Amino acid sequence: MNLVKFIEILSGKILYLIILPVIAGALTFFMVKDLPSLYSSETTIYTGITTNSGLEVNAQRVDKFVNQNEYSNIIALFKSEAIYEEISLRLLASHLSLSKPQKDIISKDAYNALKSSVPDKVKKLVVKGDEEKTYENLAKSIKQDDKDFLYSMLYRSNPYYSVNALQTLKVEQMNASDMIKLSYKCIDPGICYHTTRI
């Protein structure tokens, strides 16, 4: 086949070579343009477990199996429902104690939606500017009742504060190091970032 014949074949198929990819690209764009963005955040925690593995503690050598067991315990702790509950309440307390949204903590839309959904009874528990006191007040007032606002925030399908939403939090040991990596994905960039910092 010579070059002239090749160009003749291509010119006969030019419609397919240009228009079909453009149509496919346009269809893909319009199908995904309204999907919410998914943001990811991660942080690392230094444990000190592996570094101390060569030391003798109470005349027993700390070995690889003990180290692995300690890492397994830490990871299991991070995946426990009690930790998810605490993170959820601390996240909620930090958002409620804000006087206005901060982009690295919560987006404006999520902040406004939260403020409009919170009943007056819960708003009275909030201490503006004091996240820790707000957390303590919320923790004391939660009741195991489906009608309780705080309980429903933790155990229903809330996209930010429910225990189920936080189960996307991933915990893993980084290679054979002393570090544990926490990663989280969420549709709100501020909440995503702030969740791994709590």
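Residues numbered from 1 in each chain as written. Predicted model: local features only at pLDDT ≥ 70, side-chain atom pairs only at ≥ 80, totals over all residues. Heavy atoms only, no water.

Moving on, we come to helix H4 (residues 81-96). The end-to-end C-alpha distance of H4, which contains 16 residues, comes to 22 Å, matching closely the 22 Å that a straight helix rising 1.5 Å per residue would cover. What H4 keeps buried is the set Tyr 84, Ile 87, Ser 88, Leu 89, Leu 91, Leu 92, Ala 93, Ser 94, His 95 and Leu 96. (Helix = DSSP H or I, 4+ residues; strand = E, 2+ residues; numbered from the N terminus. Expected span 1.5 Å × (residues − 1). Buried < 20%, exposed > 50% of the residue type's maximum accessible area, 1.4 Å probe, protein only.)

By volume, the largest pocket is sized at about 210 Å³. As for the largest pocket, its lining consists of 13 residues, of which Phe 78, Ile 83, Ile 87, Leu 182 and Ile 198 are closest to the centre. Within the residue set of the lining of the largest pocket, elements represented by two or more residues are strand E1 (39-46), helix H3 (64-78) and H4. Tallied by class, the residues present in the lining of the largest pocket amount to eight nonpolar, three polar and two charged. (1 Å grid on protein atoms, 1.4 Å probe; cavity = no way out; pocket = protein on both sides within 12 Å on 5 of 7 lines; lining within 4 Å. Points joined across faces, edges and corners; volume = space filled by probe spheres on them. Nonpolar A, V, L, I, M, F, W, Y, C, P; charged D, E, K, R; others polar.)

This part takes up the packing of aromatic side chains. All told, the structure shown has three aromatic pairs when counted by the stated rule. With a centroid separation of 4.8 Å and an interplanar angle of 35°, the aromatic rings of Tyr 151 and Tyr 155 are classed as tilted. With a gap of four residues between them, Tyr 151 and Tyr 155 both fall in helix H8 (residues 149-155), about one helical turn apart. For Tyr 151, a relative accessible area of 18% gives the class buried. You can call Tyr 155 partly exposed: its relative accessible area is 25%. Centre to centre, the rings of Tyr 160 and Tyr 161 are 6.2 Å apart; their planes meet at 75°, and the pair counts as edge-to-face. Sitting over the ring of Tyr 135, Arg 90 keeps its end group 3.9 Å from the ring centre. (Phe/Tyr/Trp six-rings, centres within 6.5 Å; stacked < 30°, edge-to-face > 60°. Lys NZ or Arg CZ within 6 Å of the ring centre and 35° of its normal.)

Time to look at the sheet that holds E1. Read from one edge of the open sheet, three strands run E1-E5-E4, paired in antiparallel fashion. Looking at which strands have only one partner, the edges of the open sheet turn out to be E1 and strand E4 (170-173). Across the sheet, the mean angle from the axis of one strand to that of its neighbour is 20°, orientation sign disregarded. For E1 and strand E5 (residues 179-186), the ladder comprises eight bridges, and the chain directions are antiparallel. (Pairing = 2+ DSSP bridges. Axes fitted to C-alpha atoms, helices over the stretch in contact; angles between N-to-C directions.)

Now for the environment of Ser 40. Structurally, Ser 40 is set in strand E1. Judged by relative accessible area, which is 51%, Ser 40 ranks as exposed. Sequence separation between Ser 40 and Asp 188 is 148 residues, and the spatial gap between their C-alpha atoms is 9.5 Å. If sequence neighbours within four positions are ignored, Ser 40 has contacts with Tyr 184, Lys 185 and Cys 192. (Contact = heavy atoms within 4.5 Å.)

Remember, this is a structural readout, not a statement about activity or role.
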